[in-house]
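In case you want the letters, here they are:
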Amino acid sequence: MGKHTKSKATQLEDISAETLRDFDRAVFEKYGVVCGIDEAGRGPLAGDVYAAAVILDPNKPISGLNDSKKLSKKKRELIFDEIIEKAAAYCVGIATVAEIEHTDILSADLLAMKRAFDGLSKKAGIVLVDGDVLPEIDGVTARNVIGGDAKSEAIAAASILAKVSRDRYMNEQSKLYPEYGFDKHAGYGTKAHYEAIDKHGACPIHRKSFLKKHFAAKQTDENR
């Protein structure tokens, strides 16, 4: 298991802004070009973990940018296409189920973030990462922003790219393993998902380490 330190030193200083766009403008004035990074899929029982890195073009504003969890699926899809069209640079990175199992979910999550950042075609003056842990990024200032997908446009855009990209991936996995309903719950631990696992067992994209307690509890119940 990897060790990950959390420090207030990695957090961006408090910035007062009325809108997400104003927040990024304030950061830009101090640090230069802003890159936002966010992830999707840390909690599910199945599937790869996704991350996205986005540098927005200030001359091509995108209306409606917000935390992906606060947007409807239809709205996310529409804004996803607009981000792809208007962003100055973007990249989606993943870490596979095998990498999650070989290390741990946080290490894999940070690896996906690093891959997303490394795939950008444009340099940033600062990288803003949602959450409280930073990926290993060299040669540029990086700061955490707690709740960043509701504060920064760049992070919100990354949140949408990561979420929609992963949802599409899980929809494809649902075609391969239709008995689990991945298109409905994206691999999260819903009642229906656990019932499908109990009936069919785990499939190749399940994170076996996430299911150890469930299988142990089930075995205990069967032995009573």
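Residues numbered from 1 in each chain as written. Predicted model: local features only at pLDDT ≥ 70, side-chain atom pairs only at ≥ 80, totals over all residues. Heavy atoms only, no water.

Draft legend 1. Examining the environment of A142 more closely. Residue placement: A142 occurs in strand 5 (residues 141–145). Taking the C-alpha atoms as reference points, A142 and L12, 130 residues apart in sequence, are found 8.5 Å from one another. Each residue touching A142, except ones within four places of it in the same chain, is listed here: T10, V127 and L134. (Helix = DSSP H or I, 4+ residues; strand = E, 2+ residues; numbered from the N terminus. Contact = heavy atoms within 4.5 Å.)

Draft legend 2. Looking closely at the packing of aromatic side chains. Here the structure, examined in full by the defined rule, presents two aromatic pairs. Where Y50 meets Y169, the ring centres are 5.4 Å apart and the plane angle is 35 degrees; that geometry is what we call tilted. Of the two residues, Y50 sits in strand 2 (residues 49–55) while Y169 sits in helix 5 (residues 153–176), which places them 119 residues apart along the sequence. The pair formed by Y50 and Y169 is uniform in burial state, with each residue classed as buried. In this arrangement the basic side chain of R207 is found over the ring face of F210, its NZ or CZ atom lying 5.1 Å from the centre. (Phe/Tyr/Trp six-rings, centres within 6.5 Å; stacked < 30°, edge-to-face > 60°. Buried < 20%, exposed > 50% of the residue type's maximum accessible area, 1.4 Å probe, protein only. Lys NZ or Arg CZ within 6 Å of the ring centre and 35° of its normal.)

Draft legend 3. Inspection of the sheet that holds strand 1 (residues 34–40) at higher detail. Within the open sheet, the five strands sit side by side as 3-2-1-4-5. Their pairing is mixed. Looking at the sheet topology across the chains shown, the edges are occupied by strand 3 (89–95) and strand 5. This sheet shows a mean twist of 20 degrees between the axes of neighbouring strands, independent of strand direction. Judged from the four bridges that link them, strand 1 and strand 4 (residues 126–130) form a sheet pairing that is parallel. Bridged to C35 within strand 4 is V127. Those strands touched by helix 1 (residues 20–31) are strand 1, strand 4 and strand 5, and its axis lies near 145 degrees from that of strand 4. (Pairing = 2+ DSSP bridges. Axes fitted to C-alpha atoms, helices over the stretch in contact; angles between N-to-C directions.)

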